[in-house]
Amino acid sequence: MNAPAPALDAELRDALRARLDDLTPRQATQAVERLIANYRGRTPTDAPVLRDAADVAAYAAYRMPATFEAVRAALDAFRARAGDWTPARHVDVGGGTGAATWAVADAWPGSAHETTVVDWAQPALDLGRTLARDASHPALRTATWRREPIGPALALPDADLVTVSYVLGELTDRDRASVVAEAARAGRAVVVVEPGTPPGYARVIEARARLIEAGFTVLAPCPHDAACPIEEGADWCHFAARVSRSSLHRQVKGGSLPYEDEKFSYVAAVREGEPGAARARVVRHPQTRKGQVLLDLCTRDEGLRRVTVSKRQGEVYRAARDAEWGDVWPPRSASED
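Residues numbered from 1 in each chain as written. Predicted model: local features only at pLDDT ≥ 70, side-chain atom pairs only at ≥ 80, totals over all residues. Heavy atoms only, no water.

### Let's talk about helix α10 (residues 315–322)
Among the residues of α10, Val316, Tyr317, Ala319 and Ala320 are the ones counted as buried. Seen from one end, α10 has its buried residues packed into an arc of 160°, which puts them on one side. Exposed residues pointing more than 90 degrees away from the buried face of α10 are listed as Arg321 and Asp322. (Buried < 20%, exposed > 50% of the residue type's maximum accessible area, 1.4 Å probe, protein only. Helix = DSSP H or I, 4+ residues; strand = E, 2+ residues; numbered from the N terminus. Arc of directions from axis to C-beta.)

### Quick word on a positive patch on the surface
The grouping of Lys290, Lys311, Arg318 and Arg321 at the surface amounts to a positive patch. Considering the arrangement of structural elements, one finds Arg321 in helix α10. (Patch = residues over 30% accessible without salt bridge, like charges linked within 9 Å, V, L, I, M, F, W, Y side chains within 5 Å. Areas by Shrake-Rupley, 256 points an atom, 1.4 Å probe, with all protein chains shown as cover. Salt bridge = Lys/Arg side-chain N within 4 Å of Asp/Glu carboxyl O. Lys, Arg positive; Asp, Glu negative; His and termini not counted. Charge placed at Lys NZ, Arg CZ, Asp CG, Glu CD.)

### So, the confidence of the model for the protein
Scored by pLDDT, the protein comes out at a mean of 85, with 81% of its residues at no less than 70. Looking across the protein, the model is least confident in helix α9 (residues 247–253), with a mean pLDDT of 61, and most confident in strand β1 (residues 89–93), with 98. Low confidence marks residues 1–5, where pLDDT is under 50. Its contacts with residues over four positions away, or in another chain, come to one contact. (pLDDT = per-residue confidence, 0-100. Contact = heavy atoms within 4.5 Å.)

### A look at the layout of surface pockets
In this approach the atoms are scanned with a rolling probe the size of a water molecule, which exposes any empty space left behind. Estimated volume of the largest pocket: approximately 450 Å³. What lines the largest pocket is a set of 19 residues, and nearest its centre among them are Ala240, Glu324, Trp325, Gly326 and Asp327. Contributing elements (two or more residues each) for the lining of the largest pocket: α3 (53–82), β7 (239–244) and β8 (259–270). Among the elements that take part in the lining of the largest pocket, α3 stands out by supplying five residues, more than any other. A per-class count over the lining of the largest pocket returns 10 nonpolar, two polar and seven charged. (1 Å grid on protein atoms, 1.4 Å probe; cavity = no way out; pocket = protein on both sides within 12 Å on 5 of 7 lines; lining within 4 Å. Points joined across faces, edges and corners; volume = space filled by probe spheres on them. Nonpolar A, V, L, I, M, F, W, Y, C, P; charged D, E, K, R; others polar.)

So this is what it looks like as structure tokens:
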């Protein structure tokens, strides 16, 4: 019997702690204040956001745990629809210090896939390589870390899975279009993750449209390839992933709780195979009432819809009580009939 795979989120936190002991609170705070504006997508640029080793160290402490959990959650939704599909080659665009690469390794713990991380900031690649060199998963230890401008000249190797996470907000409109087009050309499957803010959602919707135009089928979160039913400017589609904060993470972010919820928007799409999309997905926290559960759904055929599941519905009601924001509906163990 094989030994259980290590939890890579804890392994990543240990690697961060070992490498960032010399980061002073003052250095971290100064760098993080500048990075927050870029993370929120307010300052698209044609130059790397992470400029030097201090920026990279602050970014790793501030963002890597949250990016890991957001990408991991998106990959969970992708895997639920893709079945036994396993990537042999993974390319991470704008991967920086490698959070998405760790998430892919964690999603496929028994995989022998090869990973290439492409980024334009050499200090980020250097730290990413250092963090991964002693990792338990071979895809992390043997990853290729390649410096290349993220823009129109980007040339990716062919891959089964291309991840593009938390980088589109750093790019100009032209560069964003070029990067998504190149990801679609190179990948059999593409997963795009952005902050769960209105601008982040808008970038995901833009990428989704480009992927569909390139012949891809959306697997998650959308249960369809039609236009998003959310009225522009009225709301935005996003989800949340729980992040355990280390003491270093709390220090850099100025928080006291042992956890936080990372809000993110995403799209996962495939070029080949059966559509596999869910009939519906829960797009808000379920509301529990006496003998009832209210589910806000994005559906395949009816757009946005609120469903009330009553106690009289037995198995479906029990499934609704267990449903969480982001889950497919109905689960395979239950039926709405």
